[in-house]
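If you want the building blocks of each chain, they are given just below.
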Amino acid sequence: MPLVAGVDSSTQSCKVVIRDAETGALLRQGRAPHPDGTEVDPEAWWQALRSATDQAGGLADVAAVSVAGQQHGMVCLDEDGRVVRPALLWNDTRSADAAADLVQEAGGDATGRRLWAAATGSVPVASFTITKLRWLARHEPELAARVAAVCLPHDWLTWRLAGAPGLAALRTDRGDASGTGYWSPATGDYRLDLLERAFGRRLAVPEVLGPAESAGTLADGLGGSGALLGAGTGDNAAAALGVGAGPGDVVVSIGTSGTVFSVADVPAADDSGAVAGFADASGRFLPLVCTLNAARVLDAAAALLGVGLDELAELALSAPAGADGLVMVPYLEGERTPNRPLATGAVHGLTLRTSTPAHLARAAVEGMLCALADGLDALTAQGATVRRVILVGGGARSAAVRRIAPQVFGCPVVVPPAGEYVADGAARQAAWVALGGPTPPVWELKGTEEYAAEPVPAVREQYAAARGLVLDRR
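My aim in this report is to walk through the structure given alongside it, one point at a time. (Residues numbered from 1 in each chain as written. Predicted model: local features only at pLDDT ≥ 70, side-chain atom pairs only at ≥ 80, totals over all residues. Heavy atoms only, no water.)

The next subject is the overall build of the protein chain. Looking only at helices and strands, one finds 15 helices and 24 strands in the protein chain. Summarising its shape, the C-alpha atoms of the protein chain cover approximately 65 × 55 × 40 Å along the three principal directions. Relative to its 474 residues, the protein chain shows a buried fraction of 59%. Considering only intrachain contacts with a sequence separation of at least 6, the fraction spanning at least 24 residues in the protein chain is 72%. Taking the 38 positively charged and 52 negatively charged side chains of the protein chain as two groups, their mean positions are separated by 2 Å. (Helix = DSSP H or I, 4+ residues; strand = E, 2+ residues; numbered from the N terminus. Buried < 20%, exposed > 50% of the residue type's maximum accessible area, 1.4 Å probe, protein only. Contact = heavy atoms within 4.5 Å. Lys, Arg positive; Asp, Glu negative; His and termini not counted. Charge placed at Lys NZ, Arg CZ, Asp CG, Glu CD.)

Glancing now at the pattern of salt bridges. Counted according to the given criterion, the structure contains 29 salt bridges. Residues Arg134 and Glu105 are paired through a salt bridge, measuring 2.9 Å at the closest nitrogen-oxygen approach. Taken together, the residues span a long stretch of sequence, with Arg134 in helix H4 (residues 129-139) and Glu105 in helix H2 (residues 96-105) at a distance of 29 residues. Relative accessible area serves as the criterion here: at 4%, Arg134 is assigned to the buried category. In this structure Glu105 comes out as partly exposed when scored by relative accessible area, which is 42%. In this structure, Asp374 engages Arg460 in a salt bridge whose closest nitrogen and oxygen atoms are separated by 3.0 Å. Here Asp374, found in helix H12 (residues 357-381), pairs with Arg460, found in helix H15 (residues 457-467); they are 86 residues apart in sequence, far enough to count as distant. A single network of salt bridges, built from pairs that share partners, joins Glu39, Arg85, Asp92, Arg94 and Glu140. (Salt bridge = Lys/Arg side-chain N within 4 Å of Asp/Glu carboxyl O.)

Attention now moves to empty space enclosed by the protein. Here the structure, examined in full by the defined rule, presents 4 cavities of 30 Å³ or more. Of the voids in this model, the largest cavity is the one considered here, and its volume is about 80 Å³. Together, 13 residues line the largest cavity, and Phe128, Gly273, Ala274, Ala276 and Arg336 are the ones closest to its centre. Considering every element that reaches the lining of the largest cavity, the biggest residue donor is strand S19 (residues 285-291), with 3 residues. Grouping the constituent residues of the lining of the largest cavity by class yields 9 nonpolar, 3 polar and 1 charged. (1 Å grid on protein atoms, 1.4 Å probe; cavity = no way out; pocket = protein on both sides within 12 Å on 5 of 7 lines; lining within 4 Å. Points joined across faces, edges and corners; volume = space filled by probe spheres on them. Nonpolar A, V, L, I, M, F, W, Y, C, P; charged D, E, K, R; others polar.)

This brings us to the layout of surface pockets. By volume, the second largest pocket amounts to about 480 Å³. In this structure, the second largest pocket is lined by 30 residues; those nearest its centre are Val125, Ser272, Arg336, Pro338 and Asn339. Elements represented by at least two residues in the lining of the second largest pocket include exactly H2, helix H3 (109-120), H12 and H15. Looking at the lining of the second largest pocket element by element, the count peaks at 6 residues for H2. Split into classes, the residues belonging to the lining of the second largest pocket amount to 17 nonpolar, 6 polar and 7 charged.

As a further point, take the sheet that holds strand S24 (residues 449-451). Hydrogen bonding along the main chain pairs the strands of a sheet, whether they run parallel or antiparallel. Spatially, the 7 strands line up as an open sheet ordered S18-S19-S17-S16-S22-S23-S24, and their pairing is mixed. Of all strands in the sheet, those bounded by a partner on one side alone are strand S18 (276-279) and S24. For this sheet the average axis-to-axis angle between neighbouring strands, irrespective of direction, equals 30 degrees. Where strand S23 (residues 413-415) meets S24, 3 bridges bridge the pair, whose relative direction is antiparallel. If you follow Val414 over to S24, its bridge partner there is Glu450. Of the strands in this sheet, strand S16 (249-254), strand S17 (258-262), S19 and strand S22 (388-392) touch H12, which is tilted by about 25 degrees from S17. Along the sheet, helix H13 (residues 399-409) contacts S16, S22, S23 and S24; its crossing angle with S22, the most-contacted strand, is approximately 145 degrees. (Pairing = 2+ DSSP bridges. Axes fitted to C-alpha atoms, helices over the stretch in contact; angles between N-to-C directions.)

With that out of the way, let us pick up the nonpolar core. Considering soluble globular proteins, one finds that nonpolar side chains tend to be buried as a cluster. Counting 58 residues, the largest nonpolar core has Val252, Ile254, Leu369, Leu391 and Phe409 as its most contacted members. Residue contributions to this core peak at 15 residues, all from H12. Not counting residues within four places of it along the chain, the set of residues in contact with Phe409 comprises Val252, Leu369, Leu372, Ala373, Leu376, Val389 and Leu391. (Core = buried A, V, L, I, M, F, W, Y, C linked by side-chain atoms within 4.5 Å.)

This part is about the environment of Leu315. Assignment of secondary structure puts Leu315 in helix H11 (residues 309-318). Given the relative accessible area of 19%, Leu315 is considered buried. Separated by 307 residues in sequence, Leu315 and Asp8 have C-alpha atoms that sit 32 Å apart. Those residues in contact with Leu315 that lie beyond four places of it in its chain are Leu305, Val307, Pro357, Ala358 and Ala361.

Before going further, it helps to examine the pairing of S22. Most of S22 sits out of view: 4 of its 5 residues are buried. Alignment of S16 against S22, held across 5 bridges, turns out to be parallel. Opposite Asp249, over in S22, you have Arg388 as the bridge partner. Read from S22 through H13 to S23, the crossover connection turns out right-handed. (Right-handed = clockwise from strand over helix to strand, strands pointing away.)

What follows is about the packing of aromatic side chains. A full pass over the atoms with the stated rule returns 2 aromatic pairs. Ring centres of Phe128 and Phe278 lie 6.2 Å apart, and the angle between their planes is 50 degrees; on these two criteria the pair is classed as tilted. Note that Phe128 is positioned in the loop between H3 and H4 and Phe278 in strand S18, a separation of 150 residues in sequence. The two residues Phe128 and Phe278 agree in class, both being buried. A cation over an aromatic ring shows up here: Arg94 above the ring of Trp135, its NZ or CZ 4.9 Å from the ring centre. (Phe/Tyr/Trp six-rings, centres within 6.5 Å; stacked < 30°, edge-to-face > 60°. Lys NZ or Arg CZ within 6 Å of the ring centre and 35° of its normal.)

We now examine unusual backbone geometry. Residue Pro338 is reached from Thr337 by a cis peptide bond, and omega for that bond is 5 degrees. Inspection of the secondary structure assignment puts Pro338 in the loop between strand S20 (327-329) and strand S21 (346-348). Of note in this structure, His72 is not a glycine but carries a positive phi near 75 degrees. Note that His72 resides in the loop between strand S5 (62-69) and strand S6 (75-77). For His72, a relative accessible area of 3% corresponds to the buried category. A positive phi angle, close to 50 degrees, is found at Ala323, a residue other than glycine.

If you want it as C-alpha cells, here you go:
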C-alpha cells in the first residue's frame, strides 16, 4: 500500500494530504496559513509547507510527492538561486499597463490580441507572469538586473523539496507553464522571444516535464528522503484531476478567485482574451476563464450585513430569484474577466423595497454566480460542451450558492463533499508517478450531491444590463 502526498500551495494557505496511492483513501492531512497580500516572500510558502507537512505526520513513509500551486506568480532568482524580490502574485494588478503595452506592441489592439492568442493560447492580462516581468524591468531595473531565472510558485517549492540543487534543476509542467505567457500549449515549446520582448533579455526557465515524469527526489532532512517528486501543476489543473473531470464536465471553482474550466482534446486560442488556452495535468488542454472576485464577495457581503456566512445563505434564500431587481456587480478588486483591473463594484436597483438584508444577500450570491456564468458562456463559445457543472471551492459550501447556481447556470450542478481537491489532484499525480501506467489511478469520488432547478433568465439579463455601468478607479 504505497502512500503519496499532495500539496496545495494556494494564495491563502498550504494544505497537505497523505493518501493511499491505489485507492485514494485519505490517511492524514495538515494545513498552515500564508501571509495576506499580493506580493509575498516565497520563504513564507516554504515555512508553511514545512508546518503543514509536520501536521500531516511527515513524509517519511510516502513514495511520491507533488505540489500544486497558485498560477502565474513571478518568482525571480539570481545566479545563486536566491530570491531577488517578493513574488508578485496572480492577483497583483500593478502590471495592467504592462499587459496593454505588450498587446499594443504586437500590432495594436485587435492584431496584438490575435497574435498573442496564436502564440501562447492566451492574451496577456495583469495576472500573467510575462506582464509582471515587464513591470519589473520598467519599474525596478536594479532588481531586474540581478534576475537570472524566473519560475512559478509550484516550481520553486518542488525545487526546494529537491534541495535547491541549482537553477538548471528547476522543473515545471505543461499546466502551470501555460499560464506564464511565454509557453505555447499548442507546440509544447517556450516562446523565449516573447519573454525577451517583455523583460529585455532572456532568462533561465524551468524544464517542462510530462504529466507522469519525475522532477527528482525528496532531499534529506525533510521528514523523509528518496521519495519521487512529481512535476506538479497549477491549482486549476490539479483541481480537474482531483474531481476526475471528464468530457461534458465544466468545473466551477469558487475560491479566492473564481475559475470556470473544462478538459479538452485540442488547444484553445481566444483572441478576445476571455478564455485562457491553458494545458492540463493529463496531457490534454484546459480552456479556462478566471474572475478575480469569488468567495470574497460572499465574505464582503456578510461583513457588510454583520452576519456569518451561514446566515448570509439563509438571508439569500429568503429573497426571491432576481432580488426584485437588485443587482450586485462584484468587481470588488478590479476584474480579470472581463479585463477591468481598475473597475469597482456596484449595486443597482436599490429601492425602498429592496433595501433589506435579504435582498442584498441574494444580489451578492447572484452577482458572483452571474460573473462565473459569463465565463461559462465564453467556454461554450469556444466549443465546450456543458453536460453538468461540478462546483468546488470554499464558496461551494454555501447552501445558497448550491441552490441558486442551477438557476443561473441553466444546467444541473454537482457538488462533491467538501475537500481539498487541488491537494487531492496533486496527490493523484504523485500516485501516477509512483505507480506508473499510461493514465492516473482512478479514485472513486463518494458523497456527491446534485442540484437542479429551472433557469431564471431574468437574473442574467438584469446583471448584463448593470455590469456595463460600473466605474473604474481614478
